[in-house]
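Coordinate analysis (summary)
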Amino acid sequence: MPLIEIKNLHVSVQGKEILKGIDLNMNGGEVHAIMGPNGTGKSTLSYVLAGREGYEITEGSVLFDGVDLLKMEADERARAGLFLAFQYPMEIPGVATATFLKTALNAKRRAQGQDEIDAMEFLNLIKAKTAELEIPYEMIKRPLNVGFSGGEKKRAEVLQMSLLEPRVAILDETDSGLDIDALKVVSRGVNSLRSEARAFLIITHYQRLLTYIVPDFVHVLVGGRIVESGDKSLAELLEAEGYARFEENEAA
Amino acid sequence: MTKLQTTTGQVFGDTYADAVGALPGAQETWINGMRKTSRALVGAQGFPGRKVEAWKYTSLNQVEKVPFIPAAKADDVEVSSLPLGIPVIDGALKMVFVNGVYRGDLSDSFADLGDGVSLKPFADVLKSDPSALKVVLGSSAEACQSFTTALNTGFMEHGVVIHLAKNVVLERPIHLISIGASGAEPGAFHPRFSFSLEQSSSATVIESHSGLPGQAYLSNPITEILLREGAALLHYTIVGEDSDAFHLGRASVTVDKNAKYESFILSLGGQLVRREVKVSLEGLNASAIVDGVYALSDKQHSDITSEILHLAPNTTSNQVVKGVLGGESRGVFQGRVHVAREAQKTEGRQLHKALLLNRGPEVDCKPELEIYADDVQCAHGATTGEMDQNHIFYFLSRGIDEETARALLVEGFLDEVMFNIGDEAVRETIFGLVSNWLARQKIAAVSGS
């Protein structure tokens, strides 16, 4: 059984259809990349999967490990192992990063019938993870994402992902706003999480990220549909040729 | 419909005055005079209506309707222990007042606080040594300036008088605990707290105001503070009155040269709470922090009205007041910052922020900056907003349930100002009170989403 099974998914926002029939299966161990020009529904797909309000599902279904994902609340989805790394992580004044991380981790642990994490164990875990992602440890004492640079925010997202160990991770334009060094660190973090039990959906505009996180499948999303799928060579082709030929087809 | 002012005459007029009877200190012409003038003001002007600028956003209609009796005369209520609502601050010396009356049996002994520290029940001082009050009484709390003060001054009898001699550092915080408890009839009480800190002395004083459920009561405390050159006071006021109760309270503070007044007000309400604070920075380099938090639910009304007067050069004031409102509550913040012509090099900062937990509450905010000096740095800001749904979604997307998310966001909103509370034991108590308040709100249930 696939980890994620999306069938004929149609989604509208304020009466306007954005996704017009998405079909996508993802198995454990696989990395899927979704590429496409701006405004074709890439972020919509990530938000619908994560359970954000304001999206109307008019047709189709999404199964997460065989369970109807669309019937679950956003927090239930997360506790069940779905993770979205945001394109623009929110700044939350007044809430320390450490508090946020610990609350999220404990919510997941409780859902799995585990005890809350011991304070010492948590600190050690965070120390190890921040070192791995080259995040200054002091950062976790600061309010979540407040005053973080673009690169720091993306690293903080990967830190959260690494801590919560999701089964399905969606990365929404994680490469945007990153310089090459930050891109390498973030990619290394993601690659270290690749495992047979985990699937990744990487949403990106550019091929650049995919040279560091090498996908098993590449899908082209144009006009709310997946118009072509292939292996990593498709990404290279798109980088060279652009999306023009798909957009012409869409217009026709 | 026109409201007749005679109503006041009935409520706090002759009948009430007769019931109060002769008050201690009556032999002193000047005290008698103060009382008379104040009663006349209350009688003549009545309860301030909405047309009085200072009371535009807070209506006293509800208070005016209640036929209060002097609570000190209510002998049908027995309070033999402290209510649990507001804990005694760790390590503090407590002085307890029930219906305004000092209760030695519930208080700690204050006989042996060391040289230069004097702590006495107000009524005792009025009886035995009224001239000791001449300097502080009426020094800044002027009846003609505030209805709240006039009402108190007209009937003041009980309270506390604290005096610190030059250079005395009072390590142990003083916790004044006021408890309202009405019997068969609704009671009103008018405690008077007078602090004078001589040159370079310092102290920490906490006031808490709570009460027992039952008939409504009116608590009308005035705190009058005189800080001499180089003195420093940490002054915390916690108002968590019973849900039917009214509170009209004020702190009037004079800050001399190089003296520091640092204060925090926590208002968890009652039915209607108005806290007034007036700080006069009268000497060179005088400074004040006048922070506060209010957290309201149901139909509570809370008003924080502040006046900060910069009257000398190089004076500084900082004020951050934050409010969290649920239910159909009403919050008011009025903040006047006045910089006199001679108060050059003044720094004054004021910020008010309110967070609405649903669509029910309303907030009225009136900042006023009056600057007559030309070399000053003054800034003020005010915002009112609902909780950001995008923020909540971020928490949800990490597996944190909505109720926890909202609680963390509210705490985060308030932490910024609460972390500035200088005294650690007080800070912990206030964090505890706010977190209990949050737990009671079930704030996810009112999210409307």
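Placed above this text is the structure.
Residues numbered from 1 in each chain as written. Chains lettered and ligands numbered in written order. Predicted model: local features only at pLDDT ≥ 70, side-chain atom pairs only at ≥ 80, totals over all residues.

Of the regular secondary structure elements, chain A holds nine helices and 10 strands. With respect to the principal axes defined by its C-alpha atoms, chain A has extents near 60 × 40 × 35 Å. Counting only contacts in chain A whose residues sit at least 6 apart along the sequence, the fraction spanning at least 24 positions is 71%. (Helix = DSSP H or I, 4+ residues; strand = E, 2+ residues; numbered from the N terminus. Contact = placed C-beta atoms within 7 Å.)

This part takes up the interface of chain B and chain A. If you look at the interface, chain B gives 19 residues, while chain A gives 19 residues. Only α7 (389–396) and α8 (402–418) of chain B provide two or more residues apiece to the side of chain B that touches chain A. It is α8(B) that contributes the most residues to the side of chain B that touches chain A, eight residues altogether. Looking at side-chain class alone, the side of chain B that touches chain A contains seven nonpolar, seven polar and five charged residues. (Nonpolar A, V, L, I, M, F, W, Y, C, P; charged D, E, K, R; others polar.)

Ranked by size, the top nonpolar core spans 195 residues in total, and within it A:Ile170, B:Leu227, B:Leu233 and B:Val279 carry the most contacts. Apart from residues lying up to four places away in sequence, B:Leu227 is in contact with B:Leu197, B:Leu233, B:Val253, B:Thr254, B:Val255, B:Asp256, B:Ala259 and B:Tyr261. (Core = buried A, V, L, I, M, F, W, Y, C linked by C-beta atoms within 7 Å. Buried ≥ 20, exposed ≤ 12 C-beta atoms within 10 Å, placed from the backbone.)

Our next topic: the packing of α7(B) against α8(B). To characterise two packed helices, one gives the angle between the axes of the helices and the distance between these axes. Residues and elements named next belong to chain B. It is at 9 Å that the axes of α7 and α8 come closest, and there the two elements cross at 125 degrees. As far as their axial angle goes, α8 and α7 are oblique. The handedness of the crossing between α7 and α8 is right-handed. Of the residues in α8, those touching α7 at His391, Ile392, Phe395 and Leu396 are Glu402, Ala405, Arg406 and Leu409. Classifying every residue of the contact of α7 with α8 gives five nonpolar, one polar and two charged. (Axes fitted to C-alpha atoms, helices over the stretch in contact; angles between N-to-C directions. Parallel < 35°, antiparallel > 145°, perpendicular 65-115°, else oblique. Left-handed = near helix turned anticlockwise from the far one by under 90°.)

Working note: regular strand, side chains alternate between the two faces of the sheet. Residues and elements named next belong to chain A. Residues of strand β6 (residues 82–85) alternate between two faces, with Leu82 and Leu84 on one and Phe83 and Ala85 on the opposite face, all of them buried. Relative to strand β7 (residues 168–172), β6 is paired through four bridges, and the arrangement is parallel. Directly across from phenylalanine 83, in β7, lies its bridge partner alanine 169. (Pairing = 2+ DSSP bridges.)

All names here are of chain A. Pairing in this open sheet of four strands is antiparallel, and the strands run β2-β1-β4-β5 from one edge to the other. Edge positions in the sheet fall to β2 (16–26) and β5 (67–68), since each has one partner strand and no second. Pairing geometry for strand β1 (residues 4–13) and strand β4 (residues 56–64), over seven bridges, is antiparallel. Considered in β4, the bridge of glutamate 5 is made with leucine 63. Packing against the sheet, helix α1 (residues 42–50) makes contact with β1, β2 and β4, and its axis sits at approximately 70 degrees to β2.

Another aspect to go through is unusual backbone geometry. Residue A:Glu165 is not a glycine yet carries a positive backbone phi of 40 degrees. Overall, the presence of 15 C-beta atoms within 10 Å leaves A:Glu165 in the partly exposed class. The backbone phi angle of B:Asn167 is positive, close to 65 degrees, even though this residue is not glycine. With respect to the helices, strands and loops of the structure, B:Asn167 is situated in the loop between β5 (159–164) and β6 (174–180). C-beta crowding within 10 Å serves as the criterion here: with 13 such atoms nearby, B:Asn167 is assigned to the partly exposed category.

Residue and element names in this part refer to chain B. Considering the arrangement of structural elements, one finds threonine 254 in strand β13 (residues 246–255). On the basis of neighbour counts, which here come to 25 C-beta atoms within 10 Å, the residue threonine 254 falls in the buried class. Expressed as a C-alpha distance, the spacing of threonine 254 and lysine 278, which sit 24 residues apart in the sequence, is 8.5 Å. The contact partners of threonine 254, leaving out residues within four places of it in the chain, are Ser139, Ser140, Ile225, Leu226, Leu227, Ser280 and Glu282.

Every α-helix winds through 3.6 residues per turn, so residues three or four apart in the chain are directed the same way. All names here are of chain A. Within the span of helix α8 (residues 232–241), buried status applies to Leu234, Ala235 and Leu238. Along the axis of α8, the buried residues cluster in a sector spanning 105 degrees; they form a single face. Opposite the packed face of α8, turned more than 90 degrees from it, sit the exposed residues Ser233 and Ala240. On its buried face, α8 is in contact with β3 (31–35), α7 (208–212), β9 (217–222) and β10 (225–230). Immediately beyond the C-terminal end of α8, within one or two residues, lies glycine 242, with a positive phi of roughly 80 degrees. (Arc of directions from axis to C-beta.)

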